[in-house]
Amino acid sequence: MKWSQFFNTSIGKKLLVGATGFFLCSFVIVHLAGNISLLKEDNGEAFNTYAAFMGHNGLIQFIAWGLKIVILLHAIIAIQLTIRNRGARPVKYAVKPGNKTSSWFSRQMAIMGSILFIFIVIHLSQFWWAMHYGDIGKVSYGTVTEVGNLYEVVWFGFSQLWIVIFYVIGMIALSFHLIHGFKSACQTFGLNHKKYNGILHFIGVWIFGILIPVGFAAIPVVIYLKQI
């Protein structure tokens, strides 16, 4: 079987979804680490210099565009799998099997994934677009070259309650998506083993499913509370 044919099968698509999912998991860790600098009381120096580095470094930009392709690929393949799975069972169950055949998280993946995708699109339009193509103010710190003041843009955005609520909802969707997605990817790649299931569960639920989404959600909430 050719590779193109293999990745058109259900298992091939699941491997692609899992691989892109693991890559996106690594991205959220780096992204959160950078975003935490928004809370540093230094007039935005740490965050703006971080944003400038991420926005002008050639290698980072190459990875960033690759990331956008990966997000789109991840979403498209996940949708294809959902449609294929539903097509394989055209007649719905007379009685829903409930938790006997699948977890609650897995049954909500399509909904949570859709909410998360909408969140990412709006998030990029609000901040990424402003950073690269918007008319934002400039600021300099000592000997550091003048950089875009994205810090000011973010703080202004998070002064609006509806945006803060929207981000919290997006992070709830991220939490549910990661809890099931990490577990599913581990199963797809055959990583489950009685020796490692405990640590995999801890990483999937407590780190990716709770700690990281809570960290992201806390940033707009703290910024909003500091401005009221």
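Each chain has its residues counted from 1, running along the sequence as written. Residues qualify for local features only when their pLDDT is at least 70, as the model is predicted, and side-chain atom pairs are given and counted only at 80 or more; totals for whole chains, interfaces and linings, by contrast, use all residues. Only hydrogens and water are set aside when side-chain values are computed; all heavy atoms of the structure are taken into account.

## A closer look at helix 2 (residues 10-35)
Owing to its 3.6 residues per turn, the α-helix aligns residues three or four sequence positions apart on the same side.
(1) Moving on: Working definition: helices are DSSP H or I runs of at least four residues, strands are E runs of at least two. Numbering for both runs from the N terminus. One less than the residue count of a helix, multiplied by 1.5 Å, gives the span that helix is expected to have. Its 26 residues give helix 2 an end-to-end C-alpha distance of 36 Å, which sits within 8% of 38 Å, the value for a rise of 1.5 Å per residue.
(2) Moving on: Inspection of helix 2 places Gly12, Lys13, Val17, Gly18, Thr20, Gly21, Leu24, Cys25, Val28, Leu32, Gly34 and Asn35 among the buried residues, and these make up the whole buried set. Burial here depends on accessible area, computed with a 1.4 Å probe over protein chains only, as a share of the maximum for the residue type. Under 20% is buried, over 50% is exposed, and the range in between is partly exposed.

## Description of helix 7 (residues 150-157)
(1) Moving on: Within the span of helix 7, buried status applies to Leu150, Tyr151, Val154, Trp155 and Gly157. The arc that holds every buried residue of helix 7, seen down its axis, measures 160°, which confines them to one face. It is the directions from the helix axis to the C-beta atoms whose arc is reported.

## Observations concerning the nonpolar core
(1) Moving on: We call a set of buried residues a nonpolar core when its members are Ala, Val, Leu, Ile, Met, Phe, Trp, Tyr or Cys and they connect through side-chain atoms within 4.5 Å of each other. Membership of the largest hydrophobic core comes to 36 residues, with the highest contact counts inside it found for Leu38, Val154, Phe158, Tyr167, Phe208 and Phe216.
(2) Moving on: Contributions of two or more residues to this core are made by helix 2, helix 3 (45-56), helix 6 (109-133), helix 7, helix 8 (161-188) and helix 9 (197-227).
(3) Moving on: In terms of residues, this core owes the most to one element, helix 8, which gives ten residues.
(4) Moving on: The criterion used for residue contact is that any of the two residues' heavy atoms lie within 4.5 Å. In this structure phenylalanine 158 touches Phe127, Ile163, Val164, Tyr167, Pro220, Ile223, Tyr224 and Gln227, once residues within four positions along its chain are discounted.

## Structural notes on the environment of tryptophan 155
(1) Moving on: Examined against the element boundaries, tryptophan 155 turns out to sit in helix 7.
(2) Moving on: Here the alpha-carbon distance between tryptophan 155 and proline 220, two residues 65 residues apart in the chain, equals 8.2 Å.
(3) Moving on: In contact with tryptophan 155, other than residues within four places in its own chain, are Leu38, Ile223, Lys226 and Gln227.
(4) Moving on: Here a polar contact is recorded for every N or O atom pair within 3.5 Å, except that within protein the pair must consist of a potential hydrogen donor and a potential acceptor, and residues adjacent in sequence are included only if both atoms are side-chain atoms. A distance of 3.3 Å separates the side chain of tryptophan 155 from the backbone oxygen of leucine 38, its partner in a polar contact.

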